[in-house]
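Structural overview
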Amino acid sequence: MHRARAPFAPPATLVAALLAVSGCSGGGETAARTPSPTPSGLVHYTPATGSAAPAASPPPTTPKECVQTAGMSVEQLTDYLKQLRSTSGNYQSKGLTLDSSGLNFTPEDIKRPCEAVTVKLAHYWVDLKKTHEANVVSGARYEYSYALIGAASHPAGPQDGRVPDTAPPGSSACRGTISVAYLGEDIPLRSLPYDLKLVDGTAPVPVTVVGDGVLSAIYVSPPHPDSC
């Protein structure tokens, strides 16, 4: 005949041990949540989402002003280009100039054309002939005559820079050149300078050419006019 067994009761010392272990595990979880210091002693911090200040947005770009030239008449475009200053901003500086390298386009930003402008450019030979030798009383005197080399239209702009294929032909013995930038009708020979001052040098000098559409004109002398 079997006897009924009494329920098992753990000793008091075992219960105390289990309670102690349970208390240690709670402390272990708290320790696990504490960030471990880095070797430098600082704790890496990651800010909560939304706590960082928003990055400053760049200021809006102010659009540069430009001038619509497509509908201008020859007179209007001539006046506009004559008054267009260069990026230097100096008084009477020109945004469209003519020099020994040809047409140079460097207008200021606020009034530059929105599109390329078409400019005509004509080159002329200046043939020299000495008519009077220099003496103690007066200098040498010359006669000169003009002959058209060629004329063509060239787009200038809207980007800055030199317009290709616009440099005047090189001067030679007893032969210089005149170059004229203009709009509208072609320049007749009678409009070229009648009082041209000949110089001993090949640096371009500005000259006056008669015409409503004339923008700029330069003269390049022969290297040694005294020998002509």
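Definitions and limits used
Throughout this document, residue positions are counted from 1 along each chain, in the order its sequence is written. Where totals are concerned, whole chains, interfaces and linings use all residues; where local detail is concerned, this predicted model gives features only for residues with pLDDT of at least 70, and gives and counts side-chain atom pairs only at 80 or more. Processing note: side-chain calculations cover all non-hydrogen atoms of the structure and skip hydrogens and water entirely. Note on pairing: two strands pair once DSSP finds at least 2 bridges between them. A helix here means a DSSP run of H or I that spans at least four residues, while a strand means a run of E at least two residues long, and both kinds are numbered starting from the N terminus. Cysteine sulfurs are considered disulfide-paired once they come within 2.5 Å of each other. Three exposure classes are used, based on accessible area relative to the maximum for each residue type with a 1.4 Å probe and protein chains only: buried under 20%, partly exposed in between, and exposed over 50%. When we speak of the arc, we mean the arc of directions from the helix axis to the C-beta atoms. Contacts were defined at the residue level, with two residues in contact if any of their heavy atoms lie within 4.5 Å. Two kinds of site are reported from a 1 Å grid over the protein atoms alone, namely cavities, where a 1.4 Å probe fits but cannot get out, and pockets, open sets with protein on both sides within 12 Å along at least five of seven lines, and residues are called lining when an atom falls within 4 Å of a point. Grid points are joined across faces, edges and corners, and a volume is the space filled by probe spheres set on the points. Residues were grouped as follows: Ala, Val, Leu, Ile, Met, Phe, Trp, Tyr, Cys and Pro as nonpolar; Asp, Glu, Lys and Arg as charged; and all remaining residues, including Gly, as polar.

1. Focus: the sheet that holds strand β3 (residues 102-105)
Taken together, three strands build an open sheet; the order of strands is β2-β3-β7 and the sheet is antiparallel. Pairing within the sheet leaves two strands with one partner each, and these edge strands are β2 (96-99) and β7 (161-162). By the bridge criterion, two bridges tie β3 to β7 in an arrangement that is antiparallel. Counted as the bridge partner of asparagine 104 is arginine 162 from β7.

2. Here we look at the state of the cysteines
Under the definition given, this model contains one disulfide. Disulfide partner of cysteine 66: cysteine 114, at an S-S distance of 2.0 Å. Measuring the twist about the S-S bond at about 95°, one finds the cysteine 66-cysteine 114 disulfide to be right-handed. Remark: cysteine 114 occurs in the loop between β4 (112-113) and β5 (117-132) and cysteine 66 occurs in strand β1 (residues 66-67); sequence separation between them is 48 residues. We classify cysteine 114 as partly exposed; its relative accessible area is 23%.

3. Topic: helix α2 (residues 74-83)
Within the sequence span of α2, burial applies to Leu77, Thr78, Tyr80 and Leu81. Along the axis of α2, the buried residues cluster in a sector spanning 165°; they form a single face. Exposed and oriented more than 90 degrees from the buried face of α2 are Glu75 and Gln83. Summarising the contacts, the buried residues of α2 are in contact with β1, β2, β4, β5 and β10 (214-220).

4. With respect to the sheet that holds β5
Strand order across the open sheet formed by five strands is β6-β5-β8-β10-β9, with antiparallel pairing between neighbours. Edge positions in the sheet fall to β6 (141-156) and β9 (205-206), since each of these pairs with one other strand and no more. Of the strand pairs in this sheet, strand β8 (residues 175-182) and β10 are connected by six bridges, and their pairing is antiparallel. Considered in β10, the bridge of valine 180 is made with alanine 217.

5. Looking at empty space enclosed by the protein
Within this structure, the stated rule accounts for one cavity of 30 Å³ or more. One number sums up the size of the largest cavity: a volume of about 60 Å³. Elements with a minimum of two residues in the lining of the largest cavity: α2 and β10. Across the lining of the largest cavity, the residue classes break down as three nonpolar, one polar and two charged.

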